[in-house]
Amino acid sequence: MTLIIEAGWVWDAEGGLRTGHSVIVQDGVVADVVAGSPTLEAERIVAPDALLLPGFINLHNHALSAPLFRGLADDIAPGDLPGHIVYALLMPLGDVAAQVMTEEEIGDAAEMALLEGLRSGTTGLLDVFRNAQWPLIERAKRLGLRSWSCPYLFSAPVGMTPDGRPTYSPTADTGFEAILQLFDRFDEGRRGLTRVGFGPHGPDSCTPDLLRAIDRAARERDTIVSIHAAQNLIEIEKVQAAHGKGSIAHIRDMGLLRPGVVLAHGMFATDAEMAAIAESGAALASCPLAFARSGRFVPLARMEAAGLRLGIGTDGVTLDMLHEIRTASVFAKVQSGTPHGLTAPRILRAATRDAALALGRDDLGLVAKGARADLVMFDLGSSRYQPVWDPLKSLITNGSAADLSLAMVEGRVLLRDGRVTVADEAGVTRRGRTAIERVWREAARRGAIPASIAARAAIPLHGAASSP
């Protein structure tokens, strides 16, 4: 099947902004990008007020976390938590979800979250989750989304005492063998739609032996690694005490500061550490909204100044990549004190081409002959954009996910005219909501949701226990 897309503007990071061009999609690839309207006999989408660009790649995400933590992790008041939000709320609640949800419920909640991402222009995502939540892989494939799944590995899961002190509890089951099984079952190889990699939680919660084993296995299987790095002071202090060095240096010494590795956050990385990341060829995925809701700016201006390969992730906060991209651009401007920090073309490059290269895909993140046809199109015809001086700036400054009119992966249309074509969205949402609400009730009963937070729930949490 051949499809011709005649958009008002076509953009990618290498070809730049083009007007009056048509994109020909055939057999899953961009067959050509030509000036004018070709006479070729084919189905056509004519959209003179639309911007066509590569699909967004979410470089660090926890899809199941989005509905699971929605509202619970925002506006945390003094006294709500004994310590760091990751260890005092997010991980305990995630543990309950992994323990009580059936495979079907996990799939339903994951699919609901994946549709939210698709609706904002996400065509590919690197997702990190607990091994028990593997149905996400199946649901992403069913929807036609491109996925890189990196299940967690731990040598010692991190927790928190009631008085706010971090705890590390050694475990014999690191998750390593389970990931190898998932790789054998689902991975489709370097050019596949579905990939499985490794997600060591962090340099503080994984032993050197485990990190070295992950590095060897990832190299042998030609797959990726995603690891949290310099994401909080607890991690940094633990690594310094155990190994006498910073988190980035320790990761480097384990063989994991290299191309094919995505470091998540780098919130507390020094300038020297950012320079080391840039030199290594590793990528850094920044998730500004995740930290903003706890009152912190991600140092995006310093990340940009370091020249490192920067990607953008939602971290499971909203899953709205357009919102996250805009936030990153605004943060960089405020931090640099200039109006040109992370300009529209630069931040869009981070979310498309640079993310693709970070994942080893030189055939993604482009609208060019021979590239895979992972494309999205935003309708800029409404009053929020008009008149259009610069379509990229209009999208980043004023854009809304509601104006996504087309999304495709490998040439398969997943959304058209604003409607999802690959799932019953209302049914998926209904099932996903039911699954998450059941987890909330059980988590409240166990005390995994502190009483002060549970008291603000909009649904009845019958039998909720008081916080430990």
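Keep in mind that what you see is a predicted model, and the values were worked out from it rather than measured.

> So, the pairing of strand β18 (residues 375–379): which residues are in play, and what are the values?
With four of its five residues buried, β18 lies for the most part within the structure. Pairing analysis gives five bridges linking strand β5 (residues 43–54) to β18, with the strands arranged antiparallel. Looking at the pairing, A50 lines up with D379 of β18. Alignment of β18 against strand β19 (residues 404–409), held across four bridges, turns out to be antiparallel. Paired with F378 across the strands is L404, a residue of β19.

> So, the nonpolar core: which residues are in play, and what are the values?
Within soluble globular proteins, side chains that are nonpolar generally end up buried alongside one another. Counting 147 residues, the largest nonpolar core has F198 and L263 as its most contacted members. No other element matches helix α2 (residues 85–100), which puts eleven residues into this core. Leaving out residues up to four positions away in the same chain, L263 has contacts with I227, A229, I248, I251, L256, L257, I277, A283, L284 and A285. Counting residues in each nonpolar core, the second largest holds 18 residues, with L3, V23, L52 and M377 among its members.

> Can you break down the sheet that holds strand β6 (residues 56–61) residue by residue, with the values?
Judged by pairing direction, the sheet is parallel, and its four strands sit side by side in the order β6-β7-β8-β12 without closing on themselves. Two strands bound the open sheet, and with one partner strand each, they are β6 and β12 (194–196). Neighbouring strand axes in the sheet, compared pairwise and without regard to direction, differ in orientation by 10 degrees on average.

> So, unusual backbone geometry: which residues are in play, and what are the values?
P387 follows Q386 through a cis peptide bond whose omega is -10 degrees. Note that P387 resides in the loop between β18 and α15 (391–398). One non-glycine residue, E410, lies in positive phi territory at about 55 degrees. Looking at the element boundaries, E410 is found in the loop between β19 and β20 (412–416).

> Could you give me a rundown of the environment of F56, with the residues and numbers involved?
Relative to the elements of secondary structure, F56 occurs in strand β6. A relative accessible area of 0% means that F56 is categorised as buried. A sequence separation of 221 residues divides F56 from I277, and the C-alpha atoms of the two residues are 23 Å apart. Beyond its immediate stretch of four places on either side in the chain, F56 contacts S120, G121, T122, T123, G124, M321, L322, I325, L348, A351, T352 and F378.

Here is what the cut-offs are and how they apply
Position numbers for residues count from 1 along each chain, tracking the sequence in the order it is written. Where totals are concerned, whole chains, interfaces and linings use all residues; where local detail is concerned, this predicted model gives features only for residues with pLDDT of at least 70, and gives and counts side-chain atom pairs only at 80 or more. Hydrogens and waters are ignored; side-chain quantities use all the structure's heavy atoms. Accessibility here uses a 1.4 Å probe with only protein chains present; expressed as a share of the type maximum, an area under 20% marks a residue as buried, one over 50% as exposed, and anything in between as partly exposed. What counts as a helix is a DSSP run of H or I of at least four residues, what counts as a strand is a run of E of at least two, and both are numbered from the N terminus. Should DSSP find at least two bridges between two strands, the strands are taken to pair. Side-chain atoms within 4.5 Å link the members of a nonpolar core, which is a set of buried Ala, Val, Leu, Ile, Met, Phe, Trp, Tyr and Cys residues. Contacts were defined at the residue level, with two residues in contact if any of their heavy atoms lie within 4.5 Å. For helices, the axis comes from a line fit to the C-alpha atoms of the stretch in contact; other axes are also lines fit to C-alpha atoms, and the angle between any two N-to-C directions lies between 0 and 180 degrees.

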